[in-house]
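Here's the letter readout for the chains.
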Amino acid sequence: MQHVRTQSRRELYSEATRAALLDEATRLFAARGYAGTSLEDVAAASQVTRGAVYHHFDGKQALFEAVLDAQETRAITRITAAATAADPLDAARQALDAFLDQCCDPVYGRLVWLEGPTALGWHRWRECEQKYAYGLVERFITALVDAGYLADQARGSLVRFSFWMLGGAGLALAEAPESDRPRLREEWRYLIRQAISGLRATPAPIDSPDPPAPAPIQ
């Protein structure tokens with residue numbers, strides 16, 4: 001019989017402390033920005049000492065990166081869960097809608113698109129975005145190509161093009177006043193769907209309710 005190890009009280013307390021630090025850091029970074037938040041602020045809000053913060057994180061940048069990891073992991077989970085359609089094109093549309101909804105969230109938008117490059121530096125932030133989002137974009141593009149919806153040409157560049165197009169939407173929504181985001185969301189949704197429509201192996205209106213069967217790749 002396999003023995004199931006139970007966590008000690010100390011381990012449970014340590015996990016609870018780390019979770020509280022992440023929650024408070026998320027709130028403070030989103031409200032004050034990376035530059036306007038100190039480790040002392042996070043410690044005070046979490047009702048722990050600065051030493052307790054360093055027990056879990058090497059410094060402010062490491063704490064922010066953990067916050068970013070939690071935001072991106074949650075976003076990828078939601079986007080993946082939204083893409084339930086069996087047809088690759090419908091699934092991609094569902095994923096796009098979920099992504100745009102996520103980018104309209106003020107916490108996600110500020111942390112990922114506005115504070116991320118400042119906190120981590122451009123190259124490290126870009127590495128993080130590649131880690132979290134690039135593979136997901138590649139998966140959807142590969143499915144569209146394999147199903148014949150997109151021509152099998154310059155596939156690697158097509159993934160990068162789609163990745164940066166989505167990044168442009170995310171940044172635009174994060175920078176916009178909250179009152180403008182619903183309008184901008186629909187504009188970016190339209191433009192991205194039109195861009196994908198223009199790349200189709202068999203061009204057709206992107207909003208067509210019943211798209212024709214994809215033509216075989218020549």
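Caption draft 1: Layout of the overall build of the protein chain. Regarding its fold elements, the protein chain presents nine helices and zero strands. Mapped from its N terminus to its C terminus, the protein chain presents α and β elements in the order α-α-α-α-α-α-α-α-α. Across the 218 residues that make up the protein chain, the buried fraction comes to 41%. When contacts within the protein chain are restricted to residue pairs at least 6 apart in sequence, those whose partners lie at least 24 apart make up 65%. Of the roughly 11,900 Å² of accessible surface on the protein chain, 55% is carried by carbon and sulfur atoms.

Caption draft 2: Representation of the pattern of salt bridges within the structure. Counted under the stated rule, the structure contains 14 salt bridges. It is possible to trace a salt-bridge network through shared partners that takes in D97, D101, R185, E186 and R189.

Caption draft 3: Main features of the packing of aromatic side chains. This structure, assessed with the given rule, holds eight aromatic pairs. One aromatic cluster is present, formed by W113, W122, W125, Y134, F163 and W164 through successive ring pairs. Here the basic side chain of R139 rests over the ring of F140, its NZ or CZ set 5.2 Å away from the ring centre.

Caption draft 4: Representation of helix 9 (residues 181-198) within the structure. In this model, helix 9 (18 residues) spans 25 Å end to end at C-alpha, consistent with the 26 Å of a helix rising 1.5 Å per residue. R181, L184, R185, I192, R193, I196 and S197 are the residues of helix 9 that are buried. The inward-facing, buried residues of helix 9 abut helix 5 (88-104), helix 6 (106-120) and helix 8 (155-175).

Caption draft 5: Structural view of helix 6. For helix 6, which comprises 15 residues, the first-to-last C-alpha distance of 19 Å matches the rise-based estimate of 21 Å (1.5 Å per residue) to within 8%. L114 marks the point of greatest bend in helix 6, at about 40°, and the proline P117 comes within the next four residues. Buried within helix 6 we find Y108, G109, L111, V112, W113, E115, G116, A119 and L120. Count one or two residues on from helix 6 and you reach G121, which has phi positive near 85°.

Caption draft 6: Quick peek at the environment of A95. By secondary structure assignment, the location of A95 is in helix 5. For A95, a relative accessible area of 6% translates into the label buried. Along the primary structure A95 and I79 are separated by 16 residues, whereas in three dimensions their C-alpha atoms are 5.3 Å apart.

Caption draft 7: Just the packing of helix 4 (residues 60-82) against helix 7 (residues 122-146), in detail. One can describe the packing of helix 4 onto helix 7 by two numbers: an axis separation of 11 Å at closest approach and a directional angle of 10°. Classified by the interaxial angle, the pair formed by helix 4 and helix 7 is roughly parallel. On helix 7, the residues that touch E65, L68, D69, E72, T73, I76, I79 and T80 of helix 4 are R124, W125, C128, E129, K131, Y132, A133, L136 and R139. Here the contact of helix 4 with helix 7 is built from residues that sort into eight nonpolar, two polar and seven charged.

Caption draft 8: Focus on the packing of helix 6 against helix 8. For the pair helix 6 and helix 8, the least separation of the axes is 9 Å and the interaxial angle reads 115°. When the axes of helix 6 and helix 8 are compared, the crossing they make is left-handed. The residues of helix 8 that touch helix 6, namely those facing G109, W113 and L114, are G167, G170, L171, A174 and E175. Looking at the contact of helix 6 with helix 8 residue by residue, the classes come out as four nonpolar, three polar and one charged.

Caption draft 9: Region of interest: the side chain of E72. One can find E72 in helix 4. Despite its burial, E72 pairs with no opposite charge, the nearest such side chain being R74 at 9.5 Å. The residues contacting E72, other than those within four sequence positions of it, are Y108, V112, E129 and Y132.

Caption draft 10: Representation of unusual backbone geometry within the structure. A positive phi is found at Q47, a non-glycine position, where the angle reads about 60°. Checked against the element boundaries, Q47 lands in the loop between helix 2 (39-46) and helix 3 (50-56). Classification of Q47 as exposed rests on a relative accessible area of 75%. One non-glycine residue with positive phi stands out, namely A154, at about 50°.

Here is what the cut-offs are and how they apply
- Residues numbered from 1 in each chain as written.
- Predicted model: local features only at pLDDT ≥ 70, side-chain atom pairs only at ≥ 80, totals over all residues.
- Heavy atoms only, no water.
- Helix = DSSP H or I, 4+ residues; strand = E, 2+ residues; numbered from the N terminus.
- Buried < 20%, exposed > 50% of the residue type's maximum accessible area, 1.4 Å probe, protein only.
- Contact = heavy atoms within 4.5 Å.
- Areas by Shrake-Rupley, 256 points an atom, 1.4 Å probe, with all protein chains shown as cover.
- Salt bridge = Lys/Arg side-chain N within 4 Å of Asp/Glu carboxyl O.
- Phe/Tyr/Trp six-rings, centres within 6.5 Å; stacked < 30°, edge-to-face > 60°.
- Lys NZ or Arg CZ within 6 Å of the ring centre and 35° of its normal.
- Expected span 1.5 Å × (residues − 1).
- Bend = angle between axes of the 7 residues up to and from the residue.
- Axes fitted to C-alpha atoms, helices over the stretch in contact; angles between N-to-C directions.
- Parallel < 35°, antiparallel > 145°, perpendicular 65-115°, else oblique.
- Nonpolar A, V, L, I, M, F, W, Y, C, P; charged D, E, K, R; others polar.
- Left-handed = near helix turned anticlockwise from the far one by under 90°.
- Lys, Arg positive; Asp, Glu negative; His and termini not counted.

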